Amino acid sequence: MADYSFDEKGADFVATFEDPGVPYDPSAGPPDVWFREVLEHSSDLVIAFQHDGTITYVSPSASYLMGYEPSSLIGSNALHLIHPDDLPNAADTVYNAVQVEGWRPPRPFRIRHADDTYLTYEVQGMSLFHVPGVQSIVCICRQAADTPRVDAILGLLAAHASLSAILDEVVHLMFRPGWHLGVAILYDLDDGTAGLAQARLPAELAQLDRRHTHEPWGRALTTGEPVFDLGLTTVTADLAATARTHDFHTVWAIPVSDPDLALDDACIVVWNFELHPPELGQEILLRKMQTLAELALAGRSRAAALEQAANTDSLTGLANRRAFEAAVARNDQPEVAVLLIDLDGFKAINDRFGHAAGDAVIRAVADRLTGVVRHGDLPARIGGDEFAIFCRDVHHLDHAAQLAQRVLDIAAEPVDTLVGPVEFGLSVGGAVSLPGTVADLATLLHAADVRLYAAKAAGKSRHRVGFLELP
């Protein structure tokens, strides 16, 4: 027999081991009691059910793996635990298991947790109908690796899904059989409000606010460093008391950085039963969550930057024609106006002073327009020397005429350029929707263009504004 060496823990185990007695003797009779004892202590989820799906046995591990009291599942249908999208495969597997003796190859299925979330398990079934006293299908369910969920997250990233949709998947990566955790990811939505993805977290612990800088998540976001509150000594007393009622004694807060914005834009918050910082396996999962959350944040930043670039005029920083027309087309409110603005004799400015001076004039017009429009109006550059303004809440024709006059007034002062001051002029045409009616984009633009032409024909440096009823 080979000689074996034990480390210190192994030597302690050998020295203190107590022989439980003679092992099971197959000749003594059916192994029912012995086998049931094995199942009762298995860390895997074991379910036995009849050919119609009626559950006859559930191992005690269901309580900490899936959140169910085993007795509550007896008599229910095993297929009711399967994700609806997996039911056809599950039914096919059950049928084949009934027809063929022996173990079936493991297959991944999503099984419903008591909190109505789904966990992916590798399920291996065996038909034991031929065994007296069993006569069931027995399934051993082992929680699958993260691959299916990570693949799903990567698919969402590739499809440019919303940040909330991605983080709702990421937040589930932290769970493992036997771990008593509640997990949340605190982040900012595109409109600046707070978003929260959470799993197995009581509602009382889901009220996280990044502005609370004294709390672990607030400190993590402020400092950019993880915070591990062991014993809940730094959270408010009321929150600590609430956490303890749910058997949580530790909270970890791990900031997530947006690489494109160079700031901590989100925070992973884990409430844990045990009084210790993350162990190796937990650190690996937290790093995986961080990485995927960072990718989601970076994707949002890039998408926002691309959207901004696609809708912004590069020379002036104003909205471009695409953004302007989209805003008018989306409008569903009455009493709006469109002003079209054209520089008078702009070609002569380029010919006399050069294109650099012409660009300076265009930028100056954009800056001055921004200064005279009302709050909520949308100024845009829609062509080489053409500008436009989309105005909401224009209750009287005079409102549009007054704005048109303010636009004309911005040409009172010349523009300072590298070649000296350059004078310019403007013409404005405006169309106002009839009271109580919602005008479409094409009608507004056509009416405003007709009036712009009329202003130029009348001598330039003037405006013509009226209702959609053309003169």
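Going along each chain's sequence as written, the residues are numbered from 1 onward. Totals for whole chains, interfaces and linings use all residues, but because this is a predicted model, local features are given only for residues with pLDDT of at least 70 and pairs of side-chain atoms are given and counted only at 80 or more. The side-chain figures draw on all heavy atoms in the structure; neither hydrogens nor water molecules are used.

Asks: Explain the packing of helix H11 (residues 321-330) against helix H15 (residues 441-457) here, please?
Replies: Geometry of a packed helix pair, given as the angle between the helix axes and the separation of the axes. Note on geometry: axes are lines fitted to C-alpha atoms, helical ones only across the stretch in contact, with angles between N-to-C directions running from 0 to 180 degrees. Where helices and strands are cited, they refer to DSSP runs of H or I of at least four residues and of E of at least two residues respectively, numbered from the N terminus. Between H11 and H15, the least distance of the axes is 9 Å, while the angle of their chain directions is 120 degrees. Taken together, the axes of H11 and H15 lie oblique to each other. Residues Phe-324, Glu-325, Val-328 and Ala-329 of H11 lie in contact with H15, whose contacting residues are Leu-441, Leu-444 and Leu-445. Under the convention adopted here, Pro, Cys and the residues Ala, Val, Leu, Ile, Met, Phe, Trp and Tyr are nonpolar, Asp, Glu, Lys and Arg are charged, and Gly plus all remaining residues are polar. Considered class by class, the residues forming the contact of H11 with H15 number six nonpolar, no polar and one charged. When an angle is under 35 degrees it counts as roughly parallel; over 145 it counts as roughly antiparallel; between 65 and 115 it counts as roughly perpendicular; any other value is oblique. The contact definition used throughout considers only heavy atoms, calling two residues in contact when any of these lie within 4.5 Å.

Asks: Sorry if this is basic, but what is going on with the environment of Leu-441 here?
Replies: By secondary structure assignment, the location of Leu-441 is in helix H15. Along the chain, Leu-441 and Ala-326 lie 115 residues apart, while their C-alpha atoms are 8.8 Å from each other. Aside from chain neighbours lying at most four places away, what touches Leu-441 is Glu-325, Val-328 and Ala-329.

Asks: Explain the pattern of salt bridges here, please?
Replies: Where charged atoms from two side chains of opposite charge approach closely, those side chains can pair. Salt bridge, as applied in this entry: a Lys or Arg side-chain nitrogen positioned within 4 Å of an Asp or Glu carboxyl oxygen. Across all of its chains, the model carries 10 salt bridges by this definition. For Asp-116, the salt bridge is made with Arg-112, and the minimal N-O distance between the two is 3.9 Å. The class for Asp-116 is exposed, based on a relative accessible area of 55%. Burial classes: relative accessible area under 20% of the type maximum marks a residue as buried, over 50% as exposed, and values in between as partly exposed (1.4 Å probe, protein chains only). Relative accessible area serves as the criterion here: at 22%, Arg-112 is assigned to the partly exposed category. Here Arg-287 ties to Glu-283 by a salt bridge, and the two come within 4.0 Å at their closest N and O atoms. Remark: Glu-283 and Arg-287 occur in helix H10 (residues 280-310); sequence separation between them is four residues, near one turn of the helix. Owing to a relative accessible area of 45%, Arg-287 belongs among the partly exposed residues under this scheme. Overall, the relative accessible area of 33% leaves Glu-283 in the partly exposed class.

Asks: I'm lost on the sheet that holds strand S14 (residues 386-391) in this one. Help?
Replies: Whether parallel or antiparallel, the strands of a sheet pair through hydrogen bonds between backbone atoms. In this description, strands pair whenever DSSP reports at least two bridges between them. The five strands lie next to each other as S13-S14-S12-S17-S18, forming an open sheet whose pairing is mixed. Only two strands of the sheet have a single partner each, and these edge strands are strand S13 (378-381) and strand S18 (463-467). Neighbour to neighbour, the strand axes of the sheet diverge by 15 degrees on average, direction disregarded. Two elements, strand S12 (residues 337-344) and S14, share six bridges in a ladder whose sense is antiparallel. If you follow Ala-337 over to S14, its bridge partner there is Cys-391.

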